[in-house]
Amino acid sequence: MHPFAVFLKTHELWLMRRVRDYALERGYTRYTSTLEEAWRISIAGLTDSITAALAISEEPWELGPDDSFVSGPMAAFGVLEAQKHRSRGVTLEMFMGLMKYYRQAYLDLARMPAPQPWPEQRRDEGESNWDKELLARFIERVFDRIEIAFCAEWSRRETVDSAVDELQATNRLITNEKNKFLTIFESLPTAVFLLDDNRRIVHMNLAGARMINPAATVGGHYYSSPEERIPFPWLAAALSRFQENGNDTEDEYLVELAGGKQCQVLARFRPMQDISLKFPGTIVILRDITERKRAEEELKLVQTHLIQQEKMASIGQLAAGVAHEINNPIGFIASNLSSLKTYIDRLAEFIVAGDQLAAQAGSPGCEQLRNLGKKLKIDFITDDARQLISESLDGADRVARIVVGLQSFSRADQSLSTLVNLNEALDATINIAGNEIKHVGTLNREFGEIPLVKCYPQQLNQVFLNLLINAAQAIGEQGHITVRTWCDDNRVFVSVSDSGKGIPAEVLPRIFEPFFTTKEVGKGTGLGLSLSYGIVKNHGGEIKVQSEAGKGSTFTVSIPVNPGK
């Protein structure tokens, strides 16, 4: 292959950009394709014509009066380009003008310095084979022949006669292509917006239009006029950052749709891929991920719930074992204390009888015995022993009740639905939470007469424990907690009220959201109330809250007596 032909082929990208810059500067890109590939194909076609001509003769192809300009190596490209441009509605004048700039780009390249090193087969001939003026004249004559071939094809009678039919057929093809791509664009399930430099919507597909107007119709915005363009209503800050740095970005945002509905979207910003500057602006792609995010949150909640259940089960097994171990010694301690109380009562009775006999006898020894009793404070010891035994029995009873509560709270069979008295469940839970409550205030029980409820007791115990611990933490210092139960025809109600700091109105709607907490770092995960909400919902019930900042809170749980009805 001729070295100049090799040189042309290795500089296709340079030629393409050179011609494109000339066309852009002179305004030809208003009527031509904006894709680089279209420019590259035309350069490749011209280079092939020049290469074919060089293979036949390295001398400039001069023009003769009898030459056939519609045949030969250069004619094919000219005839083909005439047919293509004519069918696109390009005029002869427009094409000839653009061809002058193609010619100029090739001449610019021909006048560049010869490549180094010169190919092996030409090295012995020196620089004589890189005669810039000879190469430039060769390029001139090639382009002359291409343009003449173009004009000859354009001016044929049969061509002129069929031009209208050809243009009509081409127009139908273009219309069909436009309709095809419009159909594809409108059918995309992902919202796509084309914005101008002022962030006004040039075009949007149906999915995008319905994010702004739920009543939007297919293609409605495509046929709107520039005066009807509306500003893109979301993500002003994100768009500003994108327009400053120009980097493709993708991130998650919360946008508010028409009617106030909020939507979680994955937003992608891209600049228009446009070399003609006819379509500057930004492409915004919004993918609705609301359901996906909700599913992810639900999955996290379920996973946390399962972990919590496993944790509660482990704690329950431990508690059951501890309760069993404590139950035996507490049993005999209580039994021994009861026996000791009986013995003390009998000894006291015996001492009193002895004192009476000694007083009746009136002997000196009796007086000494009475004095010894006073010295040893036998009367005090007797009374105090009774008090100590009574307090110890009360303590043993309290430990026994805690043990019963632990056993009730941790029973393995409570993973099944069963009939439960919620008053008893609350008693057991209050015993467990007693240590949290006793340091911050008092607890009042206001239990009403309620029917048995079919439920999962261990789960509801977890709900009540969460509410009691939250109430104790809300009080801070000294206050009170009131636990009430009552019922109506179909439901049992449990309320936990505290005299704590209350919940601010602005965060009240969010307290049941997973991972939301108003507690200090390290004091809460934000899962207690969300788990409780899920448990109550699974029971077919409701959990509500009434609160005012500085005036405490009341959480009310309602559970249906027969969930299946």
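The rules behind the values
- Residues numbered from 1 in each chain as written.
- Predicted model: local features only at pLDDT ≥ 70, side-chain atom pairs only at ≥ 80, totals over all residues.
- Heavy atoms only, no water.
- Phe/Tyr/Trp six-rings, centres within 6.5 Å; stacked < 30°, edge-to-face > 60°.
- Helix = DSSP H or I, 4+ residues; strand = E, 2+ residues; numbered from the N terminus.
- Buried < 20%, exposed > 50% of the residue type's maximum accessible area, 1.4 Å probe, protein only.
- Lys NZ or Arg CZ within 6 Å of the ring centre and 35° of its normal.
- Pairing = 2+ DSSP bridges.
- Axes fitted to C-alpha atoms, helices over the stretch in contact; angles between N-to-C directions.
- Contact = heavy atoms within 4.5 Å.

Inspection of the entire model under this criterion finds nine aromatic pairs. Taken together, a centroid distance of 5.7 Å and an interplanar angle of 35 degrees make the contact between Tyr22 and Tyr101 tilted. Remark: Tyr101 occurs in helix α5 (residues 92-110) and Tyr22 occurs in helix α2 (residues 12-26); sequence separation between them is 79 residues. Residue classification places Tyr22 among the buried positions, given a relative accessible area of 17%. Assessed through its relative accessible area of 23%, Tyr101 is described here as partly exposed. With 5.8 Å between their ring centres and 35 degrees between their planes, Phe242 and Phe269 make a pair best called tilted. Residue Phe242 is found in helix α10 (residues 236-245), and its partner Phe269 is found in strand β4 (residues 262-271); the two are separated by 27 residues along the sequence. The same class applies to Phe242 as to Phe269, namely buried. Connected via pairs of aromatic rings, a cluster forms that spans Phe193, Phe232 and Trp234. Its end group placed over the ring of Trp486, Arg484 keeps NZ or CZ at 4.4 Å from the ring centre.

With that out of the way, let us pick up the sheet that holds strand β2 (residues 201-204). Strand order in the open sheet formed by five strands is β2-β1-β5-β4-β3, with antiparallel pairing between adjacent strands. Strands with a single pairing partner mark the edges of an open sheet, and in this sheet they are β2 and β3 (249-256). In this sheet, adjacent strand axes meet at a mean angle of 30 degrees when their direction is disregarded. The pairing of β4 with strand β5 (residues 282-288) spans seven bridges and is classified as antiparallel. Considered in β5, the bridge of Val265 is made with Asp288.

All right, on to the sheet that holds strand β9 (residues 479-487) then. Taken together, five strands build an open sheet; the order of strands is β7-β9-β10-β12-β11 and the sheet is mixed. Every other strand in the sheet has two partners, leaving β7 (441-447) and β11 (542-547) as the edge strands with one partner each. Going across the sheet, the axis of each strand differs from the next one's by a mean of 15 degrees, ignoring polarity. As paired elements, β11 and strand β12 (residues 553-560) share six bridges and run antiparallel to each other. Within β12, the residue paired with Glu542 across the bridge is Ser558. On top of the sheet, helix α14 (residues 422-438) reaches β7, β9 and β10 (491-498); it is set at about 175 degrees to β7, its chief contact.

For Arg199, which is not glycine, the phi torsion reads 65 degrees and is therefore positive. Within the secondary structure, Arg199 is located in the loop between β1 (191-195) and β2. Accessibility expressed as a relative area gives 22% for Arg199, which makes it partly exposed. Positive phi outside glycine occurs at Leu235, with the angle close to 60 degrees.

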